[in-house]
Amino acid sequence: MTILHKTKSSAETAKLGFKIGKSLRSGAIVALTGDLGAGKTCFTKGLVKGTGIKAAVKSPTFVLLHIYTGKVPVYHYDCYRLKGPADMEKIGYEEYFYGDGITVIEWADRIPEIIPESAVRVVFRIMPGNLREIEIEGASI
Amino acid sequence: MAKPEPVIIGIETSCDDTSAGIVQGGSKILSNVVSSQIKIHSEFGGVVPELASRSHLENIYIVVGEALKQAGLQFEDLYGVAVTYGPGLVGSLLVGIEAAKAISYVYKIPLIGVNHLEGHIFSSLLEGQSFKFPFIALIVSGGHTELVKVSGFGEYSIIGQTRDDAVGEVFDKVAKLLDLGYPGGPKVEKLANLATFGVKFPEAVMKDGSFDFSFSGLKTAVRNFKNSGKNTDNNSLCAGFQDAVIAALLNKTFAVAAKNRIKRIVLGGGVIANKTICAEFVKRGKKEGIELFFPSSKLCTDNGAMIALAGYLKYQRKEFCDYDLNADPGLTL
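Residues numbered from 1 in each chain as written. Chains lettered and ligands numbered in written order. Predicted model: local features only at pLDDT ≥ 70, side-chain atom pairs only at ≥ 80, totals over all residues. Heavy atoms only, no water.

Q: So what exactly am I meant to see when it comes to a nonpolar patch on the surface here?
A: On the surface, B:Y105, B:V106, B:Y107 and B:Y323 cluster together to form a nonpolar patch covering roughly 430 Å² of accessible area. With respect to the helices and strands, B:V106 occurs in helix 2 (residues 90-107). (Patch = residues over 30% accessible without salt bridge, like charges linked within 9 Å, V, L, I, M, F, W, Y side chains within 5 Å. Areas by Shrake-Rupley, 256 points an atom, 1.4 Å probe, with all protein chains shown as cover. Salt bridge = Lys/Arg side-chain N within 4 Å of Asp/Glu carboxyl O. Helix = DSSP H or I, 4+ residues; strand = E, 2+ residues; numbered from the N terminus.)

Q: Is there a simple way to think about the interface of chain B and chain A in this case?
A: How large an interface is tends to be reported as the accessible area lost when its parts come together. Across the contact, 25 residues belong to chain B and 23 residues belong to chain A. Regarding the contact of chain B and chain A, the summed buried area is about 2000 Å², with carbon and sulfur atoms giving 56% of it. On inspection of chain B and its partner chain A, the count reaches one salt bridge. Among the salt bridges present, the one from A:R81 reaches B:D16, with a minimum N-O distance of 2.6 Å. Inspection of the region where chain B meets chain A yields eight residue pairs in polar contact (both at pLDDT 80 or more). Listed by contribution, the elements that provide at least two residues to the side of chain B that touches chain A are helix 4 (167-177) and helix 6 (216-227) of chain B. (Contact = heavy atoms within 4.5 Å. Buried area = accessible area lost by both parts, 1.4 Å probe. Polar contact = N/O pair within 3.5 Å; in protein donor to acceptor, adjacent residues only side chain to side chain.)

Q: Before we go on, may I ask you to explain the packing of helix 6 of chain B against helix 7 (residues 234-259) of chain B in this structure?
A: Pairs of packed helices are described in terms of their axes, by the angle between the two and the distance that separates them. All names here are of chain B. Their axes nearest at 11 Å, the elements helix 6 and helix 7 cross at an angle of 160°. The orientation of helix 6 relative to helix 7 falls into the category roughly antiparallel. By crossing handedness, the relation of helix 6 to helix 7 is classed as right-handed. Contacts from L218, V222, F225 and K226 of helix 6 reach helix 7 at N234, L237, F241, A244 and V245. Residue classes in the contact of helix 6 with helix 7 are distributed as seven nonpolar, one polar and one charged. (Axes fitted to C-alpha atoms, helices over the stretch in contact; angles between N-to-C directions. Parallel < 35°, antiparallel > 145°, perpendicular 65-115°, else oblique. Left-handed = near helix turned anticlockwise from the far one by under 90°. Nonpolar A, V, L, I, M, F, W, Y, C, P; charged D, E, K, R; others polar.)

Q: When you look at helix 2 of chain B in this model, what are you seeing that I'm missing?
A: Owing to its 3.6 residues per turn, the α-helix aligns residues three or four sequence positions apart on the same side. Residue and element names in this part refer to chain B. With 18 residues, helix 2 ought to run about 26 Å at 1.5 Å a step, and its terminal C-alpha atoms sit 26 Å apart, in line with that. Tucked into the core, helix 2 has its buried residues touching strand 1 (7-12), helix 1 (56-71), strand 4 (80-86) and strand 5 (111-115). Just past helix 2, the residue K108 takes up positive phi, approximately 50°. (Expected span 1.5 Å × (residues − 1).)

Q: Explain the pairing of strand 5 of chain B here, please?
A: One face of the sheet, then the other: side chains in a regular strand alternate in exactly this way. Residues and elements named next belong to chain B. The element strand 5 is extensively covered by neighbouring structure, given that five of its five residues are classed as buried. Along strand 5, one buried face is formed by L111, G113 and N115 and the opposite face, lined by I112 and V114, is buried too. As defined by bridge partners, strand 4 adjoins strand 5 across five bridges and the pair is classed as parallel. Bridging from a neighbouring strand, A82 pairs with I112 of strand 5. Handedness of the β-α-β unit built from strand 4, helix 2 and strand 5 comes out right-handed. (Buried < 20%, exposed > 50% of the residue type's maximum accessible area, 1.4 Å probe, protein only. Pairing = 2+ DSSP bridges. Right-handed = clockwise from strand over helix to strand, strands pointing away.)

The values reported here are purely geometric and, on their own, carry no functional implication.
Okay, structure coming up:
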C-alpha cells in the first residue's frame, strides 16, 4: 500500500520519519529516494529517534555508512557517491542488510538491484512553495 | 654524532584513498603517497585504475612499497608503524590496520593507532610551523566538520560539529545542483572568484546558542534561488554560497576562541585547500590578534604523512598498541 504525505517544513518531515521509525522491527530495510535537499537525511533523523536511539544523525555521504547503536542498531547508508551495486559489495553491505538492525539507505535508486522486495520505499519530491511530497510504500503507520 | 631522529610510516585507509607516508622526527616528510594522485606502474606494467580507488586491498602493498621507495628506505629502517583506526568505514580501516600489524609483527617495531582527526589537527606541523597549546582547531572536509579545543596532545574537547551535512559535502552538492561537475569544491571557489557580487544567503544560527553548524538549509536555499527564475548567474550564486559558509566557519571559530581566551587557531582538512577560506581566516585573525596555522593544500586532504606525524607524537610518549587493535568506525576525539 502506498500512502502520500505532504510536509511543510523539515520538522514535519522529521516527524513523519519518527512515526516510521517507531513502526520498524529489526531486519527492516528502508529505501529513500529523492533529489538533493529533498529531506532524506532529515527524515532519517526522525526515523532514528523513532527507534528509540538518541544519536546525532548526520549525512553519511562521504563516509558512506553511519552506525547508530541501540537495542536495535540503525545502519545509515548513503549511496550518493556510488556508481552501483558493485561498490556496495566492496564495502560489505550484506552483513548489515541481512543483519539484526534496521537499515536506512539514502539514494537507494543508485543500487536498485540489491534493494529487497520487502523494503519500505520512501520517495521524496520537492513541490512548489518549498513543500515536500513524501510517498511511503510498504510501511504500516 | 647526534642520534638519528626516528622514522615512522603512517598508513591511512579511512575513506577513499589508500595512502602511506614516511616522516622523520615529526616534521620531515620523506615520502607521502596517495593512491588517487599517482599512477603506480606495477611490476606487471599495469596502472592502478581510478576505478580501484576504493579497493584498498589492491592498493595497500603498492602504496606502502612506493612510500618506502620514494623515501629511499627499507622496512628495516622504520622505528614504528602508525595507522588510522577510526573514524571511517570499517572495511576500509581494517585493510590499513591489518597491513600495519603485519609490518609491526615482522619487523618488530611498535604499532601505533591514530585517530584520523588527530592527523588533520597536527598536519601543519609537517611544514615547519609550530604552535603551542592550547589552541582551537577547525577540521573541515568532505566527511568532517569539527570545532575542537585542544589543551594538549591527546586532550581534546569537541565544541561544535555539523548537525547535517559536512562542509566539503555541501560544497560538492551545491556544485551538483548548479551542474558544475566534480570535485565541486574547487569549481565553486573558482566561479566565486569571478563574481562581481554575491547573492545573500542566511547564515545558520543555532537557536540553542550552541557552536554546532548546519549547512543543509543553505543547500536548499541555493536550490530554491536557482529555481526561483531570478536572473542570476552561477558565479554570484557560488560567491554568495561560499560567503555564507565562510561566515559560519569564521564567526563560530573566532567566538569559541574568544570565549576560551585562546589566541591560536589551527585549520585542517580538505576544505582548507580553499584559498578564500584561509585568506578570510588570516584577515580576521589579524584584526582580532589571533595567530592562524594551516597546512598547504596537498597536506589538507587525507594523507599518510599526517598519520605518521601523529604516530611520531605518540611514539615519543610510548603510546603503543597491542595486536588486538580494532577499527573503530565511530571514533571521536
